[in-house]
Each structure stands twice: as C-alpha cells, then as structure tokens.
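# Analysis of the macromolecular model
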Amino acid sequence: TSYISGSAFKDQPGLLSVILPEGIPSINNDLFSGCTGLESVSIPRSVTIIKWNAFKDCTSLSSITLPEKVSSIGSNVFNGCSNLKEVKCKAVIPPSCPEGCFFGVEQRDCKLYVAEGSVEAYRNAPVWQNFDIIATDFSGIEEIRVDEELDEPQSPLYDLQGRRVTGTPERGLYIRNGKKVWIK
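Since we're looking at a predicted model, the values are computed, not measured. For every chain, the first residue of the written sequence is number 1, and numbering continues from 1 onward in sequence order. Side-chain atom pairs in this predicted model are given and counted only at pLDDT of 80 or more, local residue features only at pLDDT of at least 70, and totals for whole chains, interfaces and linings cover all residues. The side-chain quantities take in all heavy atoms of the structure and omit both hydrogens and water.

### Quick word on the overall build of the chain
- For the chain, the helix and strand inventory stands at one helix and 13 strands.
- Only DSSP runs of H or I covering at least 4 residues are called helices, and only runs of E covering at least 2 are called strands; the numbering of each starts at the N terminus. Along its sequence from the N terminus, the chain presents helices and strands in the succession β-β-β-β-β-β-β-β-α-β-β-β-β-β.
- Computed over the C-alpha atoms, the radius of gyration of the chain is 24 Å, more than 25% above the 16 Å expected from 2.2 N^0.38 for a compact globule of 184 residues.
- Taken along the three principal axes of its C-alpha coordinates, the chain extends 70 × 35 × 25 Å.
- Among the 184 residues that make up the chain, the fraction classed as buried is 38%.
- Only heavy atoms enter the contact rule, under which two residues are in contact if any of them lie within 4.5 Å. Contacts in the chain between residues far apart in sequence, at least 24 positions, make up 32% of those at least 6 positions apart.
- For the purpose of counting charges, residues Lys and Arg are taken to be positive, whereas Asp and Glu are taken to be negative. His and the chain ends are not included. Where a charge lies is defined by one atom per residue type, namely NZ (Lys), CZ (Arg), CG (Asp) and CD (Glu). Here the chain holds 19 positive side-chain charges and 23 negative ones, and the gap between their average locations is 5 Å. Values of the radius of gyration come from C-alpha atoms, whereas the globule rule sets the reference at 2.2 Å times the count of residues to the power 0.38. Burial classification: accessible surface area is computed with a 1.4 Å probe over protein chains only, and a residue below 20% of its type maximum counts as buried, one above 50% as exposed, and the rest as partly exposed.

See below:
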C-alpha cells in the first residue's frame, strides 16, 4: 500500500492500535482524528509528512515516535491529544510545524526525545522549544558489556594467522577464546 486515504479511520473510538505499512509517504488529513481509544501507532520510516488533523483528539495516545524522514507536520495534528506525555522524534532537523500543532498538549510536561546531536536545533525551533527536550541515542544499542572471560590474562591470544602470541602483543586485532579482541 502506498496511500491511505484521508479520514479513513476518522471517529472510530474502538480503534486501539495501528501498524501502518512501510512505503506510505504521508499520514493524510484526519486519518485518525477523533479516535479517542487509540493508544499506539507505529509510523513507518517512509513517512515524510503528517498532514493536518491526522491525530486530532486522540485522547488516549500517550506516546508517539516520529521517524527520521518526517520533515513537515500540519496544522492541529496533535490538537487535543491531552494524554500525550512522550514524543520521540528521530528527525535530525526539527520538522516544521505550526503553532497549533500541539494545542491541548501540556508541552512542558511532555518529554521530547531527540538525537544527541540535535538538541540545540530543537531548543531553537518554534513549537519544539516548548517541550522538555531530552537527548537520546536511537541506535537501538542499550548496553555494551565486556566479557570478563575475554580479559583473563591466562587465556591464550592468537594473531589473525592463528599463531599463538607470547609476550606483550602489539597494537592490533587478535583472537582470544574464539572472539575478536582489539589491543590498543
């Protein structure tokens, strides 16, 4: 599907969750307007524009993630989304959006998560500057652990040709316990 007509789901209070298909370029006018039961929406990476009133009065929506390609958000898109407490905006450059875009949302109480290098741009952007802006890492990597087993000095170290290294290794890539090890 490359297009979902505007108002397709308008005023459907029983609609609780939606996963939009990859490939659609926009979320059209009034698409979910008045869907008071809507709690979650998965917006595909292909979306670049969210048109006017798309989520107007979605009073159960508490969190939304805007993909990195979104560049424009229309009038009243989140107007009346009174329970919206978290917006994750993956766009490096703040999407353009008019003043009334978040009317009815307590922006100071709503956390806006943006890429670490984009905080200043959002702090200086109209509308976005009114949020509680938090720098985050959208890489998906939540934790990096070093396996202590790899750092045991008694474990033999091998070069990339499979020869056991004796003494102090030079800087480079080695193998220990079947894992790659970088020596600085």
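### A few points about the nonpolar core
- Side-chain atoms within 4.5 Å are what join buried Ala, Val, Leu, Ile, Met, Phe, Trp, Tyr and Cys residues into a set we call a nonpolar core. Phe55, Phe78, Phe102 and Trp128 are the most contacted members of the largest nonpolar core, which has 43 residues in total.
- Looking at this core, the elements that each hand over two or more residues are β5 (63–66), β7 (86–89), β8 (111–115) and α1 (119–123).
- Contacts of Phe55, omitting those with residues within four sequence positions, involve Ile27, Phe32, Leu38, Val41, Ile43, Ile50, Leu61, Ile64, Val77, Phe78, Asn79 and Cys81.

### Remarks on the pattern of salt bridges
- A side-chain nitrogen of Lys or Arg and a carboxyl oxygen of Asp or Glu constitute a salt bridge if their distance falls within 4 Å. According to the stated counting rule, one finds five salt bridges in the structure shown.
- The salt bridge involving Asp159 is made with Arg163; its shortest N-O contact spans 2.9 Å.

### Some details on the environment of Asn177
- With respect to the helices and strands, the residue Asn177 is situated in the loop between β12 (172–176) and β13 (179–183).
- A relative accessible area of 36% places Asn177 in the partly exposed class.
- Along the sequence, Asn177 and Ala54 sit 123 residues apart, while their C-alpha atoms lie 54 Å from each other.

### Here's the deal with the sheet that holds strand β2 (residues 26–27)
- At least two DSSP bridges between two strands are needed for those strands to be called paired. Spatially, the three strands line up as an open sheet ordered β2-β4-β6, and their pairing is parallel. Both edges of this open sheet fall to β2 and β6 (72–73), since each of them pairs with a single strand only.
- Where β2 lies against strand β4 (residues 49–50), two bridges are found, and the strand directions are parallel. Bridge pairing in β4 places Ile27 opposite Ile50.

### Overview of a nonpolar patch on the surface
- A grouping of Leu160, Leu173 and Trp182 is seen on the molecular surface, where their side chains present a nonpolar patch of about 310 Å² in accessible area.
- Note that Trp182 resides in strand β13.
- A relative accessible area of 48% means that Trp182 is categorised as partly exposed. Within the patch definition used here, like charges are joined within 9 Å and nonpolar side chains (Val, Leu, Ile, Met, Phe, Trp, Tyr) within 5 Å, considering only residues with over 30% relative accessible area and no salt bridge. All accessibility values rest on the Shrake-Rupley procedure with a 1.4 Å probe; residue burial counts only the protein chains present in the view.

### Let's talk about the sheet that holds β7
- Taken in spatial order, the four strands make up an open sheet running β5-β7-β8-β9, and their pairing is parallel. Among the strands making up the open sheet, the edge pair consists of β5 and β9 (132–136). Geometrically, the sheet is characterised by an average inter-axis angle of 20° between neighbouring strands, direction not taken into account.
- By the bridge criterion, five bridges tie β8 to β9 in an arrangement that is parallel. The residue of β9 that forms the bridge with Lys111 is Asp132. Under this scheme, a helix contributes an axis fitted over its contacting stretch, all axes are lines through C-alpha atoms, and angles between N-to-C directions fall in the 0 to 180 degree range.

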